Amino acid sequence: MLLPYMIAGIPEAGCDEAGRGCLCGPVSCAAVILPPDFSCEELNDSKQLSAKKRETLRPLIEREALAWAVVMIEPEEIDRINILKASIAGMQRALDNLTVRPKHIIVDGNRFTPYRDPESFMDIPHTTVVKGDGKYMAIAAASILAKTHRDELMMKYNEIYPGYGWDRNAGYPTKEHREAIARLGLTPIHRHSFRLLP
């Protein structure tokens, strides 16, 4: 059972990303603030859920959250600043877009940089949590939104650039994807700073 929050009694935003290890497409970054009485036993780390279950939970999260936002960081920016910095920048931009201002931030992983609220110009305390998407509801909710929004986009890209199997691999470095790169070449959404071929 996931924990509802790390610090009770304040708006707490959970942050996570999806697509960090992909060879193409954006990294998708989400921030979610859930109400203090939110309850959903099915909520879990998006990687532990089926695609069907993630798609079922997405509208529930978007409807019940006090605030949520998803930001895509495109391959050009990933190539320019590196994937770690792009992931952190994306989560911070998602925080910027929240309609409720958080008082504390919990982030999946072990790396983040201080976040300054664009309204108060004060730094908001944050805590990084390794495997946090399997521990806290808000991070799990952010992981589901980041993943489902990115998968939806990659399905559209699959129609524009057929042959890479993105409807199955979502841009991750599968054998099918790498063989398609060798056969078809790169698309405009491939990340040039990544090792694209074995």
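Residues numbered from 1 in each chain as written. Predicted model: local features only at pLDDT ≥ 70, side-chain atom pairs only at ≥ 80, totals over all residues. Heavy atoms only, no water.

Caption draft 1: Region of the structure containing the state of the cysteines. Across all of its chains, the model carries zero disulfides by this definition. Not part of a disulfide, Cys15 finds its nearest cysteine sulfur in Cys29, a span of 8.9 Å. Left without a disulfide partner, Cys22 is nearest to the cysteine sulfur of Cys24, which lies 6.5 Å away. The class of Cys22 is buried, set by a relative accessible area of 0%. (Disulfide = S-S within 2.5 Å. Buried < 20%, exposed > 50% of the residue type's maximum accessible area, 1.4 Å probe, protein only.)

Caption draft 2: Summary view of the pairing of strand β4 (residues 104-108). Summarising burial for β4: five of the five residues are buried, a large majority. The alternating pattern of β4 places His104, Ile106 and Asp108 and Ile105 and Val107 on opposite faces, both of which are buried. Here strand β1 (residues 12-18) pairs with β4 via four bridges, running parallel. Following the sheet pairing, Glu12 is matched in β4 by His104. The pairing of β4 with strand β7 (residues 126-129) spans four bridges and is classified as parallel. Within the sheet, the bridge partner assigned to Ile105 lies in β7 and is His126. (Helix = DSSP H or I, 4+ residues; strand = E, 2+ residues; numbered from the N terminus. Pairing = 2+ DSSP bridges.)

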